[in-house]
Amino acid sequence: MPKKRSGSGLSVTQQAAKFLGVSVLAGAVMAGIALPAAGALGLAAKGSVKSFDEIPANLKSPRLSQRTAILDNQGGQIATVYSRDRTVVDLKDISPYMQKAIVAIEDSRFYQHGAVDLKGVLRAVNKNAQEGGVAQGASTLTQQLVKNYFIEEAGDDPTKVAQATQQTLGRKIRELKYAIQIEDKLGKKKILENYLNITFFGEQAYGVEAAAQRYFSKHAKALNVQEAALLAGIVQSPSRYDPVNDEAEATKRRNIVLQRMAELGDISQKEADEAKEKPLGLHPSRPKNGCITAVKGAGFFCDYVRQVVLTDPTFGKSKEARAKLWNQGGLTIRTTLDPQSQKSAQASIKEHVYKSDSVATAATVVEPGTGKILAMGQSRPYGVSIKEHETSINLSVNQDMGGGAGYQPGSTFKPIVAAAAIEGGKPATQQYPSPYQMTYPSPVSACDGKTWHDDPRKPTKLTNENESEHGPYGMKEATAKSVNTYYVQLISDIGICPVTDMAKKMGVARADGRKIQQAPSIALGTQEMSPLTMASAYATFASRGMYCTPIAIESITQKVGSEQKSLAVPKSTCSRAMSEKTADTVTTLLKGVVEDGTGQEAGLDSRANAGKTGTTDERFAAWFVGYTPNMAGAVWVGDPQHKRKMINITIGGVPHDKVFGGEVPGPIWRDMMTGALEGKPAPDFHLVDIPDDNDDEGDQGDGNGHGNRGHGRGNGDNRGGLIGGLIGGPTGGDTTGGGPGGTTGDGAGGTLPTPTFSLPGNLIQGQGNGGNQGNGGGANRSGGQRG
């Protein structure tokens, strides 16, 4: 006995036999292609049986694209994204009126025929022949479902979409065979359910649930008769019958559907007439899609998540496979974003830098030891409106992840040089002459046995921020004051390769993907980096030497039918970049930056913190990168186009003669981290003892006013503290000893001691260490704020 299908109709065998028996009508079955001459039918029939037999036997229903929800680490929704706005629902969750309306207007004999409605075919052929063109179609709901399958599989590929919709005999024959197959496999109710979930209703709405929300702001289950008739009428031509843009045309179409429902007995004529008199009753909701809908300023983080899915091999071996996963959607992506940290970051950004300013800021916070990105924001909103100062470029990340070419980090790169030197055996008390001005040492060893040479005809000069900055300096004070000449001498001493190797271990790479240059100038931060890169690098110090690759996704589930399937996600890879002692030593150095160095305005009052300022040549960029034991963050301020120098500029309503890393990025970092860390544990650092420069044993002091620096720091002779304070200030030291002495920490030689100099105090302080204020007894150690 031939197998029957639910909802009556012929078996697969009977359908196929009937199809082959009427193969002479194959051309007519196209039902939409004008075939004015009978001869065309005969030609089309040739080879139709062979073509039919050669079509693969199995048609797999495509996984319908649906909305993807992106959540923060607490489960709160950040954004909804989709290739096609669709929410798949069961037939029981679709209004009976909707079910009847779509059948009435699209395929009234749906429950009487099989996959192919032969009566409809003959009727369409006759009508089209009379009209000499396409006047009537004969596709059943099942055939339309198959066509939509092909379109869904094509995705956003225009070539594949064209192939899926082309009016050719071959496509129609293939459509027929698959329609026969799924009629037998699925049955009428499932076919209707699938059709209502896959078809396009206009206004970006795919499937009846999205359409009900789009036009009426209600669920498909709650649609009344006139609403259902309106949606059913749209399907034939979503643009022509769009009720949002042409209410009159949509009303006419709705009433046609209502009348057809009455003729078929789905509703009474009275019900149809009453429904025709009612207004459309639209209550539209604007389609909201993409990262532009993100809350808490998380649009750029949302886009970063998208980039991760599209580029990480965890989500597919090929670019096409990853794109298909994203476009199909139906994902619930739980991310690492901490709502408290994100809120604090955006609040601080908004407070300090306006979106209309001529420069922008970007900030990123990561968790040491895990690589989790906790916050990511910027002053210019996510979008494409130039008028609203929007941008789609994520200023926090590398170019291959949707960012720009990066920004020179300036002196925030110096701690990486320090880490390389200490890891290689240099003591944190290492001293160099560090004059105010010098040429780059040359030659300098580089990687692979190569050597960097400066141009002897035109040696490259560099200076410190202020003329008062001259050594000798030890690493502690040189870091606190961000002394350029010290760090160039340091990298020249240890070689370039240990620094680039250390940078690699800490995940530090150029934002544009190019290699870091083999030149000593990298010590001053000349290679363009992104805030995410720098935040992750400094997290290495916070986690005592363990670098963890940044991650944005904690888990993903995908809706497959009624089931939720867990997907693999990228994991952070943690590796030791340096010893704990090296990391702790750098932390001790950077703690001095926020306590009495260039980063004082960034310092946190209530917990252990460390960091480094950075300001680039000509002030195109300024940075502060810092950390506590449980959070690390980077803040960049500058012109993304690298055109506006931050001199005589107003940022966030505050005028600045010159912008320094500690002056603008520093307070942004401070306020951001204060809010992000509120209520969270406040662990301490593991610090090491680094003697001050003037605490060294007496091999440097000569008691003749030069002391350790020519600043009155007699080391090893108690007279140095006194005699150096009195003589080193007025007369100055020699340049080989670090330059002229000063009375306030940044004054030139030849000036008299200031009133802050205390003779008794210096006598006491000079007991073997030359005084704890040094510099001729001056109290100002920072010498101004700079990179």
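Values in this document were obtained by computation on a predicted structure and should not be read as measured data. (Residues numbered from 1 in each chain as written. Predicted model: local features only at pLDDT ≥ 70, side-chain atom pairs only at ≥ 80, totals over all residues. Heavy atoms only, no water.)

1. Here's the deal with the overall build of the chain
Within the chain, the secondary structure is distributed over 25 helices and 20 strands. Out of the 787 residues belonging to the chain, those deemed buried represent 55%. Pairs at least 24 residues apart make up 70% of the contacts formed inside the chain by residues separated by at least 6 positions. For the chain, the exposed area adds up to about 32600 Å²; of that, 51% sits on carbon and sulfur atoms. (Helix = DSSP H or I, 4+ residues; strand = E, 2+ residues; numbered from the N terminus. Buried < 20%, exposed > 50% of the residue type's maximum accessible area, 1.4 Å probe, protein only. Contact = heavy atoms within 4.5 Å. Areas by Shrake-Rupley, 256 points an atom, 1.4 Å probe, with all protein chains shown as cover.)

2. A look at the packing of helix H6 (residues 141-154) against helix H9 (residues 188-198)
Contact pair H6 / H9: the axes reach a minimum separation of 10 Å and the direction vectors enclose 45 degrees. Classified by the interaxial angle, the pair formed by H6 and H9 is oblique. Here the hand of the crossing between H6 and H9 comes out left-handed. Here H6 contributes Leu-141, Thr-142, Gln-144, Leu-145, Asn-148, Tyr-149 and Glu-152 to the contact with H9, which in turn contributes Ile-191, Leu-192, Asn-194, Tyr-195 and Ile-198. For the contact of H6 with H9, a count of residues per class yields seven nonpolar, four polar and one charged. (Axes fitted to C-alpha atoms, helices over the stretch in contact; angles between N-to-C directions. Parallel < 35°, antiparallel > 145°, perpendicular 65-115°, else oblique. Left-handed = near helix turned anticlockwise from the far one by under 90°. Nonpolar A, V, L, I, M, F, W, Y, C, P; charged D, E, K, R; others polar.)

3. Here we look at the state of the cysteines
Here the structure, examined in full by the defined rule, presents three disulfides. Here Cys-447 engages in a disulfide with Cys-497; their sulfurs sit 2.0 Å apart. Between Cys-447 and Cys-497, the disulfide has an S-S torsion of 105 degrees and is therefore right-handed. Placement of Cys-447 in the loop between strand S8 (444-445) and strand S9 (451-452) and of Cys-497 in helix H20 (residues 496-505) is noted, with a sequence separation of 50 residues between them. The cystine pairing of the chain, numbering bonded cysteines in sequence order, is 1-2, 3-4, 5-6. (Disulfide = S-S within 2.5 Å.)

4. Thoughts on the packing of helix H16 (residues 339-352) against helix H23 (residues 665-677)
Two elements in contact, H16 and H23, have axes whose closest approach is 8 Å; the angle formed by their N-to-C orientations is 150 degrees. As the angle between them shows, H16 and H23 are arranged roughly antiparallel. Seen along the crossing, H16 lies across H23 with a hand that is right-handed. Residues Gln-340, Ser-341, Ser-344, Ala-345, Ser-348, Ile-349 and His-352 of H16 touch H23, and the partners they reach there are Pro-667, Ile-668, Asp-671, Met-672, Gly-675, Ala-676 and Leu-677. Looking at side-chain class alone, the contact of H16 with H23 contains seven nonpolar, six polar and one charged residues.

5. With respect to the sheet that holds strand S13 (residues 553-560)
Strand order in this open sheet of five strands is S2-S1-S3-S13-S14, and the pairing throughout is mixed. Edge positions in the open sheet fall to strand S2 (77-81) and strand S14 (563-567), since each of these has one partner strand only. Between one strand axis and the next, the sheet turns by 20 degrees as a mean value, whatever way the strands run. Relative to S2, strand S1 (residues 68-71) runs antiparallel, the two sharing four bridges. Across the sheet, residue Thr-68 finds its bridge partner in S2, namely Val-81. (Pairing = 2+ DSSP bridges.)

6. Examining the environment of Thr-616
Tracing the sequence through the fold places Thr-616 in the loop between strand S16 (610-615) and strand S17 (621-628). Residues Thr-616 and Pro-409 lie 207 residues apart in sequence; the distance between their C-alpha atoms is 7.1 Å.

7. Focus on helix H21 (residues 531-542)
The end-to-end C-alpha distance of H21, which contains twelve residues, comes to 16 Å, matching closely the 16 Å that a straight helix rising 1.5 Å per residue would cover. Counting buried positions along H21 yields twelve of twelve residues, so the element is predominantly enclosed. With its phi angle positive at about 60 degrees, Arg-544 sits one or two positions after the end of H21. (Expected span 1.5 Å × (residues − 1).)

8. Brief notes about the confidence of the model for the chain
Averaged over all residues, the pLDDT of the chain is 81; the fraction at 70 or higher stands at 76%. Segment residues 133-137 is flagged for pLDDT under 50; beyond a separation of four residues in sequence, or across chains, it makes 15 contacts in the model. (pLDDT = per-residue confidence, 0-100.)

9. Some words on the packing of aromatic side chains
Within the structure shown, the criterion is met by 13 aromatic pairs. Aromatic pair Phe-110 and Tyr-111: ring centres 4.9 Å apart, planes at 70 degrees, arrangement edge-to-face. Classification of Tyr-111 by relative accessible area gives partly exposed; the value is 35%. A ring pair is formed by Phe-541 and Tyr-627, whose centres lie 6.2 Å apart and whose planes are at 40 degrees; its orientation type is tilted. Of the two residues, Phe-541 sits in helix H21 while Tyr-627 sits in strand S17, which places them 86 residues apart along the sequence. (Phe/Tyr/Trp six-rings, centres within 6.5 Å; stacked < 30°, edge-to-face > 60°.)

10. A few points about helix H17 (residues 414-423)
Most of H17 is tucked away, with nine of its ten residues classed as buried. Listed as buried for H17 are Lys-414, Pro-415, Ile-416, Val-417, Ala-418, Ala-419, Ala-420, Ala-421 and Ile-422. Contact partners of the buried residues in H17: helix H18 (475-480), helix H19 (484-494), H20, H21, helix H22 (580-596) and S16. One or two steps after H17, the chain reaches Gly-425, where phi turns positive at roughly 110 degrees.

11. Considerations on the pairing of S17
Residues in a regular strand point their side chains to alternate faces of the sheet. Most of S17 is tucked away: eight of the eight residues are buried. The two faces of S17 match: Ala-621, Trp-623, Val-625 and Tyr-627 on one face and Ala-622, Phe-624, Gly-626 and Thr-628 on the other face are all buried. In this sheet, S17 lies alongside S16 in antiparallel orientation, the contact comprising six bridges. Looking at S17, one finds that Thr-615 is bridged to Ala-622. Between the end of S16 and the start of S17, which pair antiparallel, lie five residues, with Glu-618 showing a positive phi angle near 60 degrees. Two strands pair when backbone bridges link them, and S17 and strand S18 (residues 631-638) are joined in this way by eight bridges, in the antiparallel orientation. In the strand pairing of S18, Ala-622 is matched with Val-637.

12. Observations regarding unusual backbone geometry
Of note, the bond from Ser-442 into Pro-443 is cis; its omega dihedral lies within 30 degrees of zero at 0 degrees. With respect to the secondary-structure elements, Pro-443 resides in the loop between strand S7 (437-439) and S8. In this structure, Pro-472 follows Gly-471 across a cis peptide bond, with omega equal to 10 degrees. Structurally, Pro-472 is set in the loop between strand S10 (461-463) and strand S11 (473-474). Phi at Ser-434 takes a positive value of approximately 50 degrees, unusual for a residue other than glycine. Mapped onto the secondary structure, Ser-434 falls in the loop between strand S6 (431-432) and S7. The phi dihedral of Arg-544 is positive, around 60 degrees, even though this residue is not glycine. By secondary structure assignment, the location of Arg-544 is in the loop between H21 and strand S12 (546-548). Under the relative-accessibility criterion, Arg-544 is labelled partly exposed at 23%.

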